[in-house]
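# Per-entry structural report
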Amino acid sequence: DDATPNANSVMIKNYIGLYHLTGNDKFKIKAEELTEAFSSVARSNPFATPGLLKNALLLNDTIQLVLTNETNPAKSEMVLLALKHTGLDATIHVTGTNSKLPENHPAFGKSANTEKPTLYICRGMTCANPATNTAETLAALRLLGIGNHT
């Protein structure tokens, strides 16, 4: 990495996002192959490869936000609060009232509150309890050890 991120590390992040959004294992395999291909460079000079190292960590410790039953997701207080604590590396799924998550997603099969917007926050393959307000969102973030809550 220089002033701009290395193209290979950007592609790893792209593949990770595609994997989590689609559940298609070929994207995860591509991310793993790219990570492996450049791991010797990262081992010999980690200061030269911060993007690669960060995205290698994201491969197994991705934070995913799943928002259901929201008519205006861009203005969701819960999502904005979660992003404040997770940063922009989180993968965001907006499913409306019809949950269409890949079968290998950690929130697959969880039921949504049909009366109000619900946010699932997942880290790796673990999801916190669903949140329907900002207090529950903070509790979910705390439970998963995400961000600073002081």
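Described below are features of the structure shown in this document. Values in this document were obtained by computation on a predicted structure and should not be read as measured data. (Residues numbered from 1 in each chain as written. Predicted model: local features only at pLDDT ≥ 70, side-chain atom pairs only at ≥ 80, totals over all residues. Heavy atoms only, no water.)

### Some points on the overall build of the protein
Threshold: Numbering of helices and strands runs from the N terminus, with a helix taken as a DSSP run of H or I at least four residues long and a strand as a DSSP run of E at least two residues long. Both definitions apply: the radius of gyration is a C-alpha atom measure, and the globule rule equals 2.2 Å times residues to the power 0.38. Residue exposure (1.4 Å probe, protein chains only): buried if accessible area is under 20% of the type maximum, exposed if over 50%, otherwise partly exposed. Should any heavy atoms of two residues lie within 4.5 Å, those residues are considered in contact. Throughout, the Shrake-Rupley method with a 1.4 Å probe supplies accessible areas, and for residues the shown protein chains are the sole cover considered. Positive residues here are Lys and Arg, negative ones are Asp and Glu, while His and the chain termini are left out of the count. Lys charges are placed at NZ, Arg charges at CZ, Asp charges at CG and Glu charges at CD.
When its secondary structure is counted, the protein shows 6 helices and 4 strands. Seen in sequence order, the protein has helices and strands lined up from the N terminus as α-α-α-α-β-α-β-β-β-α. Scaling as 2.2 N^0.38, a compact globule of 150 residues should have a C-alpha radius of gyration of about 15 Å, and the protein matches this with 16 Å. Counting every position in the protein, which comprises 150 residues, the buried fraction comes to 39%. Look at the contacts in the protein between residues 6 or more apart in sequence, and 59% of them connect residues 24 or more apart. When the accessible surface of the protein is split by element, carbon and sulfur atoms take 54% of a total near 8600 Å². The average position of the 13 basic charges and that of the 13 acidic charges among the side chains of the protein differ by 3 Å.

### Observations concerning the nonpolar core
Definition in use: Put simply, buried Ala, Val, Leu, Ile, Met, Phe, Trp, Tyr and Cys residues joined by side-chain atoms within 4.5 Å make one nonpolar core.
Ranked by size, the top nonpolar core spans 15 residues in total, and within it Ile-63, Leu-65, Leu-119, Ile-121 and Ile-146 carry the most contacts. Elements supplying a minimum of two residues to this core: strand 1 (63-68), helix 5 (77-86), strand 3 (118-123) and helix 6 (134-143). Not counting residues within four places of it along the chain, the set of residues in contact with Leu-119 comprises Leu-65, Val-66, Leu-67, Met-78, Val-79, Ala-82, Asn-129, Pro-130, Ala-131 and Thr-137. If you look at the next biggest cluster of nonpolar residues, it comprises 11 residues, including Tyr-19, Phe-27, Leu-34 and Leu-59.

### A word on the side chain of His-20
Basically, it comes down to this: In protein, a polar contact means a hydrogen-donor-capable atom and an acceptor-capable atom, both N or O and within 3.5 Å, with residues adjacent in sequence counting only if both atoms are side-chain atoms; elsewhere, any N or O pair within 3.5 Å suffices.
Tracing the chain through its elements places His-20 in helix 1 (residues 7-22). A polar contact of 3.1 Å, which involves the side chain of His-20, links it to the side chain of Thr-62. Leave out the neighbours within four places in its chain, and His-20 touches Leu-59, Thr-62, Gln-64, Thr-91, His-93, Pro-102 and His-105.

### Quick notes on the packing of aromatic side chains
Quick reminder of the rule: Two aromatic rings from Phe, Tyr or Trp, using only the six-membered ring of Trp, form a pair when their centres are within 6.5 Å; if the ring planes differ by under 30 degrees the pair is stacked, by over 60 it is edge-to-face, and anything between is tilted.
Tallied over the entire structure, the rule returns 1 aromatic pair. With a centroid separation of 6.3 Å and 25° between ring planes, the pair formed by Tyr-15 and Phe-27 is classed as stacked. One end of the pair, Tyr-15, is in helix 1; the other, Phe-27, is in helix 2 (residues 25-37), and 12 residues separate them in sequence. By relative accessible area, Tyr-15 is classed as buried at 17%.

### Quick notes on the packing of helix 5 against helix 6
Using the following cut-off: The axes are straight lines fitted to the C-alpha atoms, using for helices just the contacting stretch, and the angles between their N-to-C directions are given from 0 to 180°. In what follows, roughly perpendicular refers to angles from 65 to 115 degrees, roughly parallel to angles under 35, roughly antiparallel to angles over 145, and oblique to any angle outside these ranges. Each crossing is labelled by how the near helix is turned from the far one, with a counterclockwise turn of less than a right angle marking it left-handed and a clockwise turn marking it right-handed. Under the scheme applied here, ten amino acids are nonpolar (Ala, Val, Leu, Ile, Met, Phe, Trp, Tyr, Cys and Pro), four are charged (Asp, Glu, Lys and Arg), and all others, including Gly, are polar.
Where helix 5 meets helix 6, the closest approach of the two axes is 9 Å, and the angle between their N-to-C directions is 30°. As far as their axial angle goes, helix 6 and helix 5 are roughly parallel. Here helix 5 runs over helix 6; the crossing is right-handed. On helix 6, the residues that touch Glu-77, Met-78, Leu-81, Ala-82, His-85 and Thr-86 of helix 5 are Thr-134, Thr-137, Leu-138 and Leu-141. For the contact of helix 5 with helix 6, the residue count by class is 5 nonpolar, 4 polar and 1 charged.

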